[in-house]
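# A closer look at the structure
Each chain, letter by letter, is given below.
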Amino acid sequence: MTTATPHPSNEVTADWVDLSPVPGAAESFAHHGLAFTAAGELLAFHAGQLVAIDPHGTVTRCSDPGLTEGHGLTLVHEGEEERVWIADPGFAIACGSGTGDGLLPPTFGLGLDFVRTPGRVVQTTVAGDVVRELATPPADHDDKPGPFAPYAPTSVAVDEVRLGGSGDIWVADGYGSNVVHRYDADGRHLATLTGAAGGGRFDCPHFVFIDRRPGKSPELYVTDRGNARLAVYDLDGEFLRLAGESVLDSPSGLVAWEGNLVVVELSGRLTLLDLDDQLVGHLGDDLQAAARPGWPNAWDEDRRARRPDDLRPGLLNSPHAAAVDTQGRLVVAEWVIGGRYTSWRPTSPTT
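The following paragraphs examine the structure supplied in this document. (Residues numbered from 1 in each chain as written. Predicted model: local features only at pLDDT ≥ 70, side-chain atom pairs only at ≥ 80, totals over all residues. Heavy atoms only, no water.)

Helices and strands together make up the secondary structure of the protein chain, namely 0 helices and 29 strands. For the protein chain, the C-alpha radius of gyration of 19 Å lies close to 20 Å, the compact-globule estimate for 351 residues. Dimensions of the protein chain, computed from C-alpha atoms along their principal axes, come out at roughly 50 × 50 × 40 Å. Residues counted as buried form 58% of the 351 residues belonging to the protein chain. Total accessible area on the protein chain is roughly 13,900 Å²; 51% of this is exposed by carbon and sulfur atoms. (Helix = DSSP H or I, 4+ residues; strand = E, 2+ residues; numbered from the N terminus. Rg over C-alpha atoms; globule rule 2.2 N^0.38 Å. Buried < 20%, exposed > 50% of the residue type's maximum accessible area, 1.4 Å probe, protein only. Areas by Shrake-Rupley, 256 points an atom, 1.4 Å probe, with all protein chains shown as cover.)

Now for the side chain of N297. Tracing the backbone shows N297 in the loop between β24 (279-283) and β25 (298-299). Of the polar contacts made by the side chain of N297, one reaches the backbone nitrogen of I337; its length is 2.8 Å. Among all residues touching N297, those that are not within four sequence positions of it are F29, R306, P308, V336 and I337. (Polar contact = N/O pair within 3.5 Å; in protein donor to acceptor, adjacent residues only side chain to side chain. Contact = heavy atoms within 4.5 Å.)

This part covers the pairing of β24. One ladder, built from 4 bridges, connects strand β23 (residues 269-273) with β24; its direction is antiparallel. From the neighbouring strand, L270 faces β24, where its bridge partner is L283. Counting the residues that bridge the hairpin from β23 to β24 gives 5 residues, and of these D277 lies at a positive phi of roughly 65°. (Pairing = 2+ DSSP bridges.)

L34, L42, I53 and Y341 are the most contacted members of the largest nonpolar core, which has 17 residues in total. With sequence-adjacent residues up to four places away left out, L34 is seen in contact with L42, L43, A44, L73, A321, A322, A323, V331, V332, A333 and Y341. Grouped together as the second largest cluster of nonpolar side chains are 15 residues, L112, C204, A305 and I337 included. (Core = buried A, V, L, I, M, F, W, Y, C linked by side-chain atoms within 4.5 Å.)

Pairing between side chains becomes possible if they bear opposite charge and their charged atoms approach one another. Using the criterion set out here, one finds 22 salt bridges in the structure. Notably, a salt bridge pairs R83 with E81, separated by 3.6 Å at the nearest N-O pair. We classify R83 as buried; its relative accessible area is 16%. Of the charged contacts, one joins R292 and D286 as a salt bridge, the two residues approaching to 2.9 Å between their closest N and O atoms. We classify D286 as buried; its relative accessible area is 9%. (Salt bridge = Lys/Arg side-chain N within 4 Å of Asp/Glu carboxyl O.)

Spatially, the 4 strands line up as an open sheet ordered β3-β4-β5-β6, and their pairing is antiparallel. Each of the sheet's edge strands pairs with one partner strand only, and the pair in question is β3 (35-36) and β6 (59-63).

Let's shift gears to the sheet that holds strand β20 (residues 239-243). What the 4 strands build is an open sheet, ordered β17-β18-β19-β20; its pairing is antiparallel. Strands with a single pairing partner mark the edges of an open sheet, and in this sheet they are β17 (205-211) and β20. For this sheet the average axis-to-axis angle between neighbouring strands, irrespective of direction, equals 20°. Pairing between strand β19 (residues 229-233) and β20: 4 bridges, direction antiparallel. (Axes fitted to C-alpha atoms, helices over the stretch in contact; angles between N-to-C directions.)

Among the structural elements, D277 can be located in the loop between β23 and β24. Classification of D277 as buried rests on a relative accessible area of 10%. Taking the C-alpha atoms as reference points, D277 and I337, separated by 60 residues in sequence, lie 33 Å from one another. Here R241 takes part through its side chain, which lies 2.7 Å from a polar atom of the side chain of D277.

Below, the structure is given as structure tokens:
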């Protein structure tokens, strides 16, 4: 379904991807990252599978990399090869009998099964073959345990050598110990950021992103979701500033788009910031979504979780991840049973 967007230079397409070819996707609680390849293929993760989607929104293949969840997907280039870093927090949720182990927050509703495995960060080919894995980081920092401590990584950012970087790998332990780890290109652990030396201790550092937009020096952004703000560092891990305070509600992901920084806000919108971290505007704004019973899903008559039947085109219920292709198309995936994709496509040349 294609409709006009409030932004006059873009066209929004709701339900951009048909996930019916993906085994188990309809019953899975979508909770994944996104990454575009140079050829415009979108990589996602549903029901334990790395899923490839063509530029028309059609699923072209599924592979099983042996992971529980592809919560964070980051595409990098190593020589002539494209590789994918995957942050697997080690848990997944699906519709079922509701016989999980009782660790689910009550807002998830009933009738959901829960799977828990150790957290991992792996690198795969775009076909889903694992080629390397980072060692579990040390726990010698000031722990502030999250719901799945001690280690449940949620995102990866790489300071790519091809872009003039060091090759360092940054890992957000957003659901584990609420810290960000730094590794060198060979996988040696170098340091841990807790937030305490900057604006204050992280509370769910959900996503890490290296911002290389023209007009500024490269910087590391951390979505400090529980504190409703962004923490910004240089690429040596030195604190620079906080951003988005009093503007952001639930920052969960980041991507650069049309010169702006798009902040994916889980509670129901995209927030656009300029080069100075100032508010530009919002897309898909529906901050009332999170107040609905059973959010991000709905409840049936037995108060068991089910996919909502009132998801509205152009409005976001629970956006979780975003990616931008080489043609300037912005795609957003939502945290909801069965998954949901929305695409914003420029109708005028991207500058």
